[in-house]
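Chains, contacts and geometry: an overview
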Amino acid sequence: MKQGSSNRRVNGQAQEVISSILLFEISDPRLALVTITGCEVSYDRSFCNVFYTAAPDAYEDAAAAFKAASGRIRSLMARKLSWRVAPELRFHLDKSVDEAERIAAALKADAPRNEASAAAAAAAADAEPTEDGE
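Predicted model, so just to flag it, every value in this text is computed and none were measured. (Residues numbered from 1 in each chain as written. Predicted model: local features only at pLDDT ≥ 70, side-chain atom pairs only at ≥ 80, totals over all residues. Heavy atoms only, no water.)

A separate point is the pattern of salt bridges. As enumerated under the stated definition, the model contains 3 salt bridges in all. For Glu25, the salt bridge is made with Lys80, and the minimal N-O distance between the two is 2.8 Å. Of this pair, Glu25 sits in the loop between helix 1 (5-24) and strand 1 (35-41) while Lys80 sits in helix 2 (residues 59-80), placing them 55 residues apart in sequence. Judged by relative accessible area, Lys80 falls into the partly exposed class, the value being 40%. Residue Asp28 is joined to Arg30 by a salt bridge in which the shortest nitrogen-to-oxygen separation is 2.9 Å. (Salt bridge = Lys/Arg side-chain N within 4 Å of Asp/Glu carboxyl O. Helix = DSSP H or I, 4+ residues; strand = E, 2+ residues; numbered from the N terminus. Buried < 20%, exposed > 50% of the residue type's maximum accessible area, 1.4 Å probe, protein only.)

Printed below as a string of structure tokens:
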């Protein structure tokens, strides 16, 4: 979906406020190591999709904690923002960080083979005669 500068600003504002609420005002230990990776606020500001990441073994705990604390987070968010409507919060697990870590690990594990094939290709290029016949 195309985002204008106003929409990006609203999304960033929502992300900052929710992050600060989690950091300073919610004392649930299940949300201690949760990171808000992004927010998407609807055009009329009635809904806010909040994307978060957590440790892989804490996915269920974080989801349960967000379900329990969503009303409190929404009311605190309404106090901090000057929006006419307090958006309904929908929390979604963002697995893109886990996917990036998986890809980085695969590339790191495959690095010696890539270096060996690059060295073999360079040696083959050096051994080929040039068009000049040299």
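Now that the structure has been shown, the text picks up again.
According to the stated counting rule, one finds 2 aromatic pairs in the structure shown. With 4.7 Å between their ring centres and 50° between their planes, Tyr52 and Phe66 make a pair best called tilted. Pair noted here: Tyr52 is in strand 2 (residues 47-53) and Phe66 is in helix 2, with a separation of 14 residues, a long-range link. When sorted by exposure, Tyr52 lands in the same class as Phe66, which is buried. (Phe/Tyr/Trp six-rings, centres within 6.5 Å; stacked < 30°, edge-to-face > 60°.)

If you walk across this open sheet you meet the 3 strands as 1-2-3, and the pairing is mixed. One side of each edge strand has no neighbouring strand; the edge strands of this open sheet are strand 1 and strand 3 (88-93). With direction set aside, neighbouring strand axes in the sheet form an average angle of 25°. The pairing of strand 2 with strand 3 spans 6 bridges and is parallel. Across the sheet, residue Val50 finds its bridge partner in strand 3, namely Phe91. Sitting on the sheet, helix 1 is in contact with strand 1, strand 2 and strand 3, with an inclination near 140° to strand 1. (Pairing = 2+ DSSP bridges. Axes fitted to C-alpha atoms, helices over the stretch in contact; angles between N-to-C directions. Contact = heavy atoms within 4.5 Å.)

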